Each structure stands twice: as structure tokens, then as C-alpha cells.
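# Per-entry structural report
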Amino acid sequence: MSRRARRALVLAAGLGRRLRPLTDELPKPLLPVAGRPLVAWTLDALVEAGCEAIAVNLHHLSEAIPAALGERHRRVPLHYSREPEILGTLGAAYPLRDFFGEAGEILIVNGDSLCRWPLRALLERHRRTGAAATLLVAERADPRGFGGGVALAE
């Protein structure tokens, strides 16, 4: 069986309005959790899931994230996609169509969530079922106050 390229998009363009004033000078994905930027935990999960390259979309304080993360995370290249206007979740993927190219699997995750995503199990189930897309969501009594999740599409 040939290896299928796996790439990811980390959604990090948001304004972080609910956490102001903390996000007035620092994008939400860079807020520290246990001494590391929040987004670093997400990048770790994507690297461990086998992503060979990761894109990060940017808008609010757009230069802060590349300055903090650099060009690689644990040897995996990071690609930055700047959005002069926020494009929304699926809108963020369109400017990255060349980046995704011939990727066999694409993960789209929120860069401002701290989760123990079961990405390997999700990918295995996705392949086993032959689904066109797989969406990981969390059950909440009242989901209106929460957003996000993980999506995988082929």
C-alpha cells in the first residue's frame, strides 16, 4: 500500500473577541497554556498523526504567529496563509489549494482549541468507512456557546 500524503490546515485567523483584552496584543492561538502557545499543542497532535506539512491561516495580528512558531514545528514545515479579510472555515482552504495539491488526506483543525483529539483513530475510521469526509464533534448540553471541531476530507 502506498503512503498517502497527509496535510493539515490550522485555523488561526480569528479575532479572539471573547478573550479580550488578552487578545488585543496576542492572537488567541498564541495564548500560553502550560508554558507553551495554545497552537503548539495542536501542532504536536498533527505531527503525531503523521502530517507531512501544516498550513496556518492568519488575519488578526498576522505576523505574531509566524514570529512565534517559525518555519517548522518538530521538523514539519509550516506554511502561512494570510487573509486580508477573514474568509471563514472553508474559505480558508481555497487559497491553499496548491498547498493541498495531491494530498490524499487533509485535516482541518481549530488553532485555538485545547483537545485530546483522537486523530489516529479518526483517520483509521475514516479510511475503514470510505466516507468522503469525517467530522469530529463534541457533545455539549448547549452547543451554542462552543464552536469548532476537526474535519477530514479526501
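Quick caveat: nothing in here was measured; it's all calculated off a predicted structure.

### With respect to the overall build of the chain
- A count of helical and extended segments in the chain gives 4 helices and 9 strands.
- Sequence-ordered secondary structure for the chain, helices as α and strands as β, is β-β-β-α-β-α-β-β-α-β-α-β-β.
- Here the chain, with 154 residues, has 42% of them falling under the buried criterion.
- Sequence separation of 24 or more characterises 68% of the internal contacts of the chain that already satisfy a separation of 6 or more.

### Some remarks on the packing of aromatic side chains
- Counted according to the given criterion, the structure contains 1 aromatic pair.
- Taking 5.3 Å as the distance between ring centres and 65° as the angle between the ring planes, the aromatic pair formed by Phe99 and Phe100 counts as edge-to-face. Residue Phe99 shares its accessibility class with Phe100, and that shared class is buried.
- For Arg7, the ring lying beneath its charged end belongs to Phe99, and the centroid distance is 4.5 Å.
- In this structure, Arg36 packs its charged tip against the face of Trp41, placed 4.5 Å from the ring centre.

### Some thoughts on helix 4 (residues 119-129)
- Along helix 4, the residues classified as buried are Leu119, Leu122, Leu123 and His126. One side of helix 4 holds all its buried residues, which, seen down the axis, span an arc of 95°. Away from its buried face by more than 90 degrees, helix 4 exposes Arg120, Arg125 and Arg128.
- Positive phi shows up at Gly130, right after helix 4, with a value of about 70°.

### Regarding the pairing of strand 1 (residues 6-11)
- The buried count for strand 1 comes to 5 of 6 residues, which makes it a mostly enclosed element.
- Across 6 bridges, the pairing between strand 1 and strand 7 (residues 105-110) is parallel. Among the inter-strand pairings, Leu9 is bridged to a residue of strand 7, identified as Ile108.
- Where strand 1 meets strand 4 (residues 53-58), 5 bridges bridge the pair, whose relative direction is parallel. What sits directly across from Arg7, in strand 4, is Ala53.

The rules we used
Residues numbered from 1 in each chain as written. Predicted model: local features only at pLDDT ≥ 70, side-chain atom pairs only at ≥ 80, totals over all residues. Heavy atoms only, no water. Helix = DSSP H or I, 4+ residues; strand = E, 2+ residues; numbered from the N terminus. Buried < 20%, exposed > 50% of the residue type's maximum accessible area, 1.4 Å probe, protein only. Contact = heavy atoms within 4.5 Å. Phe/Tyr/Trp six-rings, centres within 6.5 Å; stacked < 30°, edge-to-face > 60°. Lys NZ or Arg CZ within 6 Å of the ring centre and 35° of its normal. Arc of directions from axis to C-beta. Pairing = 2+ DSSP bridges.

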